[in-house]
Each structure stands twice: as C-alpha cells, then as structure tokens.
Amino acid sequence: MQYRKLGDSDLTVSEIALGSWLTYSGGVEKDQSIACVKRALDLGITLIDTANIYGKGAAETVLGEALAGVRRDSYVLATKLFFPMTETDKGLSRAQIEKQLDASLERLRVDHVDLYQCHRYDPETPLDETMEALTAAVKSGKTRYIGFSEWPVEKIREATEMMGVTKFVSSQPQYSMIWRKPEDAVIPYCAAHGISQIVWSPLGQGILTGKYQPGARPPAGSRATSASMGHFLQDLTERRAVLEAVQAMQPLAQQAGLTLAQFALAWVLREPNVAAAIIGASRPAQIDENVKASGAQVDPALFTRAEALLVPALQAA
C-alpha cells in the first residue's frame, strides 16, 4: 500500500480507502462488514470513510464495533453530515453541526474524527455560520480537519477566501473513467489551494470492473441485482455502448498486468490531486484485489487508449 498527504494537513492516508455507503448501512450482514474492515486494516488501508446518513447511523454503528480495540492513531476516520436524519435534523447549521458530530462520535465510539465533511452544500444556511461552526468543532478537538463533498467551485472558493476560519483540506467528488466532471474546475482549484480529492465511486458503481456484460443479465449477487444496493444504477441496457467499451479495455488492463478494476483505480490515482480512492466491499476478497492498484506503474499510453474507447461511448450513452 502507498500513502499520500491529505491537502494542507498533517494526515497521511492510504491510496485506497474503505467506504461504507451501501455496504455497511444494511446491504451486507454485520459479521461480513466487520470482516471487511479487519481485512482492510490488515492490508494497510488506513482511511475509513462513512457518514451519518448511511443507514441513518447504521454504518457508523457497525464501524464503531469493527474498530473497537484498534489503536486509534493507526487509522484515519472520516464522516459527514448534511442529509436529513429526521424531518428537522438536516443541513449545515451551527446547531446541526454540533448535534450531528456528537451523535456520530457516540456511534463510532471515539472522542474525535480525523476529518468531518459537509456532505453537500447547504443553501439554506449562511456559509459563514457553517464555517464558524466547523472551526469551533476543530478547536474543540472533536475533529482534526474539515472537508466537503460535491460543493460547487464558487462556494469552495468563497469558503477558502473567508478569513478567521479553519480551511478545508479535502474534497470528496464522484470521479472515475466514466465521470470526469471534477477535472473541469474542482480539481484545478483544489490543487492550487491545498485541498486533496478523496474520490467516491472510482469504479463507476461497478461498471468499470467489467462484470456487467453488454446484453446480458447482471450476474447473481452483484449490486445491480440487490434491492438494497442497486437502486442507483441506471438501467444497464441504456449503457450498452459504455459496457462494450469497458470490455474492449480488457486487453489494455492485461498489458498493464492488472484486472479491469485495478486498472480503473490506477487511472484515478494517476491524478496527483487525488489522495485516495474509496472502494466499497461486500467481502474481503474484493479488498484483496483492489488494494493491488496502489502503487501500480501503468504506461500512460494505455490510459490514453482506454480514454479513446470510453469518450465516444459516453457521448452516445
């Protein structure tokens, strides 16, 4: 496992991070979830990412159990807030930041998180209120650093230019070979201002693993067939051109000595501003495969050829 510095912080994180969005919020049995966390730690993954909204606290609770007894300074723990936990508990107000952070710490069984992230931008709360509350959270010791996920670049800029508040060190965007929007503005701005990317969905909801074949039913046991984890995958029949392009990438991955999943993760990690790529895992063997992307040396020409296959397919989708 290779490690990278997280923005303008003193945190060093593993290039592969373990997420808990769909898996440990109810999509995977608790014993299997805990086994995945233990395997991730054994393989050198140090960044564990979650959020209060994942299973309305369920993912944080599972992680709290899985990490109990693990030396606290041996891993970097990140969680988030914004989405509604109840009809009234939502957003990024001062009161919500205080309340939701305390609740997350209790579920996670820790006295602090390393990274507290705003899961989305809150247009209903003044930005200065949000930033002042996050600054107070850092000063209290309940979080070491702060970050955001999927904020518009103009709000990232506004927060960065604000005086007297703690600065963001991380951004968590969706980013993959089939979703490159962060390259337009977010990554360039963040790279210039001490903010690293912690990427979610680097495998395109599993599409970039090659397991979904054009014109074929999704394989049994895959996320696309799961009632609890497959709702976010648009009808795969509408993405035939993309699925065909992914299959055409197989020889390129083989030339690099990697599986398709490893190749897609290595593509994300080719970007210097990416500190880590978050993977989801429903069984330990998936972690074994994905961590091999860390430190992979891939001829850039192979990535260029892969992009040439995908771009027209994405335009046709």
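Our subject is the structure that appears above.
Please read these numbers as outputs of a predicted model, since none were measured by experiment.

A few words now on the packing of aromatic side chains. Taken as a whole, this structure holds 8 aromatic pairs when the rule is applied. Put simply, the rings of Y121, F148, W151 and F168 pair up and form one aromatic cluster. The residue whose ring lies beneath R270 is W267, and the NZ or CZ to ring-centre distance is 3.8 Å.

The subject of this paragraph is the nonpolar core. If you look at the biggest cluster of nonpolar residues, it comprises 89 residues, and the most contacted ones within it are L18, M131, W151, F168, M177, F263 and I287. Top element by residues in this core is helix α10 (residues 260–269). It accounts for 9 residues. Setting aside residues no more than four positions away along its own chain, M177 makes contact with L208, M249, F263, A264, W267, A306, L310 and L314. If you look at the next biggest cluster of nonpolar residues, it comprises 15 residues, including L6, A17, V169 and I278.

We now examine the pattern of salt bridges. Evaluation of the coordinates by the stated rule reveals 17 salt bridges. In this structure, R144 engages D114 in a salt bridge whose closest nitrogen and oxygen atoms are separated by 3.4 Å. Within this pair, whereas R144 is found in strand β7 (residues 143–148), its partner D114 is found in strand β6 (residues 113–118), the two being separated by 30 residues in sequence. Classification of R144 by relative accessible area gives partly exposed; the value is 35%. A relative accessible area of 2% means that D114 is categorised as buried. Across the pair R180 and E307 runs a salt bridge whose closest N-O atoms are separated by 3.8 Å. Residue R180 is found in the loop between β8 (168–171) and α7 (186–191), and its partner E307 is found in helix α12 (residues 300–316); the two are separated by 127 residues along the sequence.

Side-chain alternation along strand β9 (residues 196–199) places S196 and I198 on one buried face and Q197 and V199 on a second face that is also buried. Taken together, the 2 bridges between β8 and β9 define a ladder with parallel strand orientation. Its bridge partner lying in β9, S170 is registered against S196. Assessed by its sense of winding, the connection that carries the chain from β8 through α7 to β9 is right-handed. Two elements, β9 and strand β10 (residues 274–279), share 3 bridges in a ladder whose sense is parallel. Across the sheet, the residue bridging to V199 is A277, located in β10.

For β6, the buried fraction is high: 6 of the 6 residues fall into the buried class. Of the strand pairs in this sheet, strand β5 (residues 76–81) and β6 are connected by 4 bridges, and their pairing is parallel. Of the residues in β6, the one forming a bridge with T79 is Y116. Crossover β5 to β6 through helix α4 (residues 94–108) is right-handed. In this structure, β6 lies alongside β7, joined through 5 bridges in parallel fashion. Each residue of the ladder has a partner; that of L115, found in β7, is Y145. You can see the chain leave β6, run along helix α5 (residues 127–140) and come back into β7, and the turn it takes is right-handed.

This brings us to the side chain of Q117. Structurally, Q117 can be placed in strand β6. In this structure the side chain of Q117 is engaged in a polar contact, spanning 3.2 Å, whose partner is the side chain of D49. Only 2.8 Å separates the side chain of Q117 from the side chain of Q172, close enough to count as a polar contact. Residues within four places of Q117 in sequence aside, it is in contact with D49, A78, T79, K80, L81, G147, F148, S170 and Q172.

We now examine the side chain of S9. Structurally, S9 is set in the loop between β1 (3–5) and β2 (12–14). The class for S9 is buried, based on a relative accessible area of 6%. A polar contact of 3.0 Å, which involves the side chain of S9, links it to the backbone nitrogen of L11.

This part takes up α5. Over its 14 residues, α5 runs 20 Å from end to end, which matches the ideal 20 Å to within 8%, given 1.5 Å per residue. All of the buried residues in α5 are L127, T130, M131, A133, L134, T135 and A137. Lining the buried residues of α5 we find α4, β6, β7, α6 (153–161) and β8.

With that settled, the discussion passes to helix α3 (residues 58–66). Along α3, the positions that sit buried rather than exposed are A59, E60, V62, L63, G64 and A66. In this fold, the buried residues of α3 make contact with α1 (23–27), α2 (30–42), β4 (47–49), β5 and α4.

On to unusual backbone geometry. If you check the backbone angles, F82 has positive phi at about 160° while not being a glycine. Here F82 shows up in the loop between β5 and α4. Even without a glycine there, the phi angle at E150 is positive, about 60°. By the element assignment, E150 lies in the loop between β7 and α6.

Reading guide: rules and limits
- Residues numbered from 1 in each chain as written.
- Predicted model: local features only at pLDDT ≥ 70, side-chain atom pairs only at ≥ 80, totals over all residues.
- Heavy atoms only, no water.
- Phe/Tyr/Trp six-rings, centres within 6.5 Å; stacked < 30°, edge-to-face > 60°.
- Lys NZ or Arg CZ within 6 Å of the ring centre and 35° of its normal.
- Core = buried A, V, L, I, M, F, W, Y, C linked by side-chain atoms within 4.5 Å.
- Buried < 20%, exposed > 50% of the residue type's maximum accessible area, 1.4 Å probe, protein only.
- Helix = DSSP H or I, 4+ residues; strand = E, 2+ residues; numbered from the N terminus.
- Contact = heavy atoms within 4.5 Å.
- Salt bridge = Lys/Arg side-chain N within 4 Å of Asp/Glu carboxyl O.
- Pairing = 2+ DSSP bridges.
- Right-handed = clockwise from strand over helix to strand, strands pointing away.
- Polar contact = N/O pair within 3.5 Å; in protein donor to acceptor, adjacent residues only side chain to side chain.
- Expected span 1.5 Å × (residues − 1).

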